[in-house]
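# Commentary on secondary and tertiary structure
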Amino acid sequence: MKVKARARNNVVSVRVLIEHPMETGFRKDAKTGDVIPAKFVRHFECQHHGRVVFTAHFGRAVSRNPYLSFAFVGGQAGDALVLGWRDNTGAHETVEVVIA
Amino acid sequence: MRYKRRTLLRGILAFLAVLGTPIPRIVFAHGSKSKAFDAKRTPQVLDILYGDRNFIDSDRITFNIPDIAENGAVVPVNIKTDLLKVSTINILAERNPRPLVASFTLPEGTLPEVSVRIRLAETTRVIAIVEADGKRYGTTKQVQVTVGGCGG
C-alpha cells in the first residue's frame, strides 16, 4: 500500500494506492478456458488515534490497484494513521504512516 | 566472556523487542454488505441498501466521471457535495453484472468527498447516492464505454 497523507489547515488529505490484482471472477484464462477465480479487496479502513475516519466496501468493479482519496478534520502533521485492507480470500495488509 | 555474552544477549533481545512491536491490526466485520454487492439489478441493490428505491435527485452532488471512458477497466470517479452530515456514499453502475460498485462510510469529521477508480462493463448510467442527515440524495451520469472493463 502506498500512502500519502498531508495535513493542512487541520484537514488531513489521504491518497492511497493498494497494490492488488482485483480479479473480478468473470475473466476466463485464454488458454484453458477456466474462470480465473475472484480475488478482490472487500474492505478498506483508515484510523486516526484509534478512531475510524474512513471505511470503504468494494465490489468486483473497483479497478486493479485500487486508488482512493479522502480527507478528514482533526489530524496534525506527525500523527500516526493506520490503514488496512482485506480481500475476499482473507489476504490483508495493514500499514502505519505518519501524516506529513 | 560471560559479560560479553550477556551484553550480546541483551542487545539481541532489545532488537527483537522492537521488531516484534505490532502495528495495530484493523479488524473487519465479515459479510457486511455482501448481499448488496451480489445483487444483479439496481432496484434490488437499493432495496438491500436502504429498504426502498427512492432518492432525491440533487444538484448539490458534484459527480465527476468522464462522459466517454476509453478504457472501461479504469474509470476515474470523484464525488463531492455540500450537503451536511453525510454518512454514506454509494456508487452504482446500472449495466454492470453487479451494479453496486463501492460503498463508503464517512464518520463525523470526514469530508464529504471521495475519489476512486472503477470498472464499467459497458455504456451505462452511473448513480452516486449520498446519505445526508438521514435523507437520500442522488445524481446520475451516463458514461459511454468504448472498451468494456471486465476483461476477456
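Residues numbered from 1 in each chain as written. Chains lettered and ligands numbered in written order. Predicted model: local features only at pLDDT ≥ 70, side-chain atom pairs only at ≥ 80, totals over all residues. Heavy atoms only, no water.

## A closer look at the confidence of the model for chain B
Summary statistics for chain B give a mean pLDDT of 89 and a share of 83% for residues scoring 70 or more. Per the prediction output, this complex has pTM 0.88; the corresponding ipTM is 0.96. (pLDDT = per-residue confidence, 0-100.)

## So, the pattern of salt bridges
Side chains that differ in sign of charge can pair as their charged atoms come close. Residues and elements named next belong to chain A. Here the structure, examined in full by the defined rule, presents nine salt bridges over all chains. Here Lys2 ties to Glu19 by a salt bridge, and the two come within 3.8 Å at their closest N and O atoms. Of the two residues, Lys2 sits in strand S1 (residues 2–8) while Glu19 sits in the loop between strand S2 (11–17) and strand S3 (41–48), which places them 17 residues apart along the sequence. (Salt bridge = Lys/Arg side-chain N within 4 Å of Asp/Glu carboxyl O. Helix = DSSP H or I, 4+ residues; strand = E, 2+ residues; numbered from the N terminus.)

## Here we look at the sheet that holds strand S4 (residues 75–81) of chain B
On the basis of which strands lie adjacent, the open sheet formed by six strands has the order S1(A)-S2(A)-S5(A)-S7(B)-S4(B)-S2(B) and antiparallel pairing. Each edge of the open sheet carries a strand with a single partner, namely S1 of chain A together with strand S2 (61–64) of chain B. The mean inter-strand angle of the sheet, taken between neighbouring strand axes irrespective of direction, is 10°. As paired strands, strand S5 (residues 67–73) of chain A and strand S7 (residues 113–118) of chain B are joined by two bridges and run antiparallel to one another. (Pairing = 2+ DSSP bridges. Axes fitted to C-alpha atoms, helices over the stretch in contact; angles between N-to-C directions.)

## Quick look at empty space enclosed by the protein
Tallied over the entire structure, the rule returns two cavities of 30 Å³ or more. Lining the largest cavity are A:Thr24, A:Phe26, A:Gly59, A:Arg60, A:Ala61, B:Asn96, B:Pro97, B:Arg98, B:Leu100, B:Arg119 and B:Cys150. Looking at side-chain class alone, the lining of the largest cavity contains five nonpolar, three polar and three charged residues. Approximately 40 Å³ is the volume attributed to the second largest cavity. Around the second largest cavity sit A:Phe40, A:Arg42, A:Gly59, A:Arg60, B:Phe37 and B:Asp38, which together line it. Residues belonging to the lining of the second largest cavity are distributed by class as follows: two nonpolar, one polar and three charged. (1 Å grid on protein atoms, 1.4 Å probe; cavity = no way out; pocket = protein on both sides within 12 Å on 5 of 7 lines; lining within 4 Å. Points joined across faces, edges and corners; volume = space filled by probe spheres on them. Nonpolar A, V, L, I, M, F, W, Y, C, P; charged D, E, K, R; others polar.)

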